[in-house]
Amino acid sequence: MEIRHLQALTAISDHGTFSAAAEHLGTVQSNVSAHVARLEKELATPLIDRSDGQLTEEGAVVVARARRILSELDALVADVAACKDAVSGTVRVGMIGTTGRWLVPRLMTAVPARHPDLRLVVVEGTTTGLEPQLASGQLDLAVLHLPVAGRDLVSRLLFEEDLMVVVPAGHPLAAAERELTLVDLARTELLLPLPGTALRTELDAVTRPFGITLRPAAEIDGLRLIASLAFEGVGPAVLPATAIPAFLRDRITALPVAGLPRRRVGVAQRSRGLPSAPTRALFDLLRTVVGQAGGRPPGIHPPG
């Protein structure tokens with residue numbers, strides 16, 4: 001079994017066809033086909049269903065392991081370079097959209113200043129969408145809404161974030177001359193995240209002990225879409241403070257609610273395997289950037 005065989009199968013999984021995999025790898029389709037055929041012969045099982053081009057069950061198992069092997073090889077090269085006092089290589093980091101909107105620009109300044117040979121690849125997604133990519137080895141780190149699920153991942157708190165209610169102009173809540181309560185939320189139809197998502201689970205856990213059930217005007221997958229709809233005046237929504245861009249803060253009404261906990265955002269990585277030197281460097285940079293008081297947006301609270 002050779003590394004190029006695993007690379008070929010993984011490229012097919014990522015790009016959908018033999019020809020697209022060959023283009024990605026900078027080779028010809030016949031080479032990719034030969035690599036996969038050698039792998040199938042060695043494992044004595046088909047890894048790709050030739051009728052539809054999809055991975056077989058065995059193929060999916062091999063790809064999952066191959067991703068980890070290839071990731072470890074990348075880490076090996078990067079760690080050797082770090083021994084020469086040069087952190088270089090690529091770090092693939094997943095990031096929830098509301099955090100990425102303010103954190104990525106700061107990383108784009110901090111990374112080249114601290115580690116000019118470090119290449120950053122950012123994948124935006126929801127917590128539930130990024131977790132399996134991290135566990136499978138497609139990502140090296142992920143900035144997620146805590147807690148993370150699954151035994152394959154470990155996390156550390158990066159910051160806590162205030163939750164606010166964004167209301168359209170003219171909405172009755174906007175005229176309230178007092179701090180809002182959970183009861184106020186229960187009386188209001190809200191744009192809510194889907195059940196089972198991290199923020200929705202947190203909101204339900206807070207309101208349930210008081211016999212309060214939040215009323216959805218709509219249930220939507222993705223905080224950035226919910227935020228966009230709230231800013232357009234479609235309806236009120238509970239949003240993290242950083243979901244509100246600086247240029248909109250004086251144009252919308254964002255209200256605190258007594259009893260709403262802060263959202264917890266952390267950095268997650270796989271529990272097994274040694275993170276590469278570039279991954280460790282980015283982890284340190286994330287904590288440094290968040291800890292810089294002058295660079296944080298309102299509502300962000302780093303740990304102690």
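Data block above holds the structure.
Residues numbered from 1 in each chain as written. Predicted model: local features only at pLDDT ≥ 70, side-chain atom pairs only at ≥ 80, totals over all residues. Heavy atoms only, no water.

**Observations regarding the packing of helix α2 (residues 18-25) against helix α3 (residues 29-43)**
Thinking step 1. α3 packs onto α2 with a crossing angle of 105° between their chain directions and a minimal axis gap of 8 Å. For the element pair α2 / α3, the angle class is roughly perpendicular. Each of F18, S19, A21, A22 and L25 in α2 lies in contact with α3, whose residues at this interface are Q29, V32, S33 and V36.
Thinking step 2. Taken together, the residues of the contact of α2 with α3 break down into six nonpolar, three polar and no charged. (Axes fitted to C-alpha atoms, helices over the stretch in contact; angles between N-to-C directions. Helix = DSSP H or I, 4+ residues; strand = E, 2+ residues; numbered from the N terminus. Parallel < 35°, antiparallel > 145°, perpendicular 65-115°, else oblique. Contact = heavy atoms within 4.5 Å. Nonpolar A, V, L, I, M, F, W, Y, C, P; charged D, E, K, R; others polar.)

**Section: the pattern of salt bridges**
Thinking step 1. One pass over the full model with this rule turns up 13 salt bridges.
Thinking step 2. Between D162 and R262 there is a salt bridge; the shortest N-O distance is 3.4 Å. Pair noted here: D162 is in the loop between β6 (153-161) and β7 (163-167) and R262 is in the loop between β11 (253-255) and β12 (263-270), with a separation of 100 residues, a long-range link.
Thinking step 3. Salt bridges linked by common partners bring E160, D162, R262 and R264 together as one network. (Salt bridge = Lys/Arg side-chain N within 4 Å of Asp/Glu carboxyl O.)

**Let's talk about the nonpolar core**
Thinking step 1. Counting 31 residues, the largest nonpolar core has L185, V238 and L239 as the members making the most contacts within it.
Thinking step 2. Looking at this core, the elements that each hand over two or more residues are β7, α7 (182-186), β8 (189-193), α8 (198-207), α9 (223-231) and β10 (237-240).
Thinking step 3. Contact partners of V238, with chain neighbours within four places excluded, come to L163, M164, V165, L185, L190, L191, L199, L203, L223 and L260.
Thinking step 4. Counting 24 residues, the second-largest nonpolar core is a separate cluster that includes I96, W102, F159 and F283. (Core = buried A, V, L, I, M, F, W, Y, C linked by side-chain atoms within 4.5 Å. Buried < 20%, exposed > 50% of the residue type's maximum accessible area, 1.4 Å probe, protein only.)

**Some points on helix α10 (residues 277-291)**
Thinking step 1. With 15 residues, α10 should cover 21 Å at 1.5 Å per step; its first-to-last C-alpha distance of 21 Å lies within 8% of that length.
Thinking step 2. Within α10, burial applies to A277, P278, T279, A281, L282, F283, L285, L286, V289 and V290. (Expected span 1.5 Å × (residues − 1).)

**Re the environment of I244**
Thinking step 1. Mapped onto the elements, I244 comes out in the loop between β10 and β11.
Thinking step 2. Between the alpha carbons of I244 and A254 there is a distance of 8.8 Å; along the sequence they are ten residues apart.

**Thoughts on unusual backbone geometry**
Thinking step 1. For the peptide bond that leads from L146 to P147, omega is 0°, which places it in the cis range.
Thinking step 2. Within the secondary structure, P147 sits in the loop between β5 (141-145) and β6.
Thinking step 3. Backbone geometry at A44 places phi at a positive 60°, although glycine is not the residue there.
Thinking step 4. Note on A44: relative accessible area 69%, which makes it exposed.

**Remarks on the sheet that holds strand β3 (residues 89-96)**
Thinking step 1. Strand order in the open sheet made by the six strands is β4-β3-β5-β12-β6-β13, with mixed pairing throughout. Each edge of the open sheet carries a strand with a single partner, namely β4 (118-125) and β13 (300-301).
Thinking step 2. Two strands pair when backbone bridges link them, and β6 and β13 are joined in this way by two bridges, in the antiparallel orientation. Following the sheet pairing, E160 is matched in β13 by H301.
Thinking step 3. On the sheet, helix α5 (residues 97-114) packs against β3, β4, β5, β6, β12 and β13 and is oriented at approximately 155° with respect to β3.
Thinking step 4. Each of β3, β4, β5, β6 and β12 is contacted by helix α6 (residues 127-136), which is oriented at about 150° to β5, the strand it contacts most. (Pairing = 2+ DSSP bridges.)

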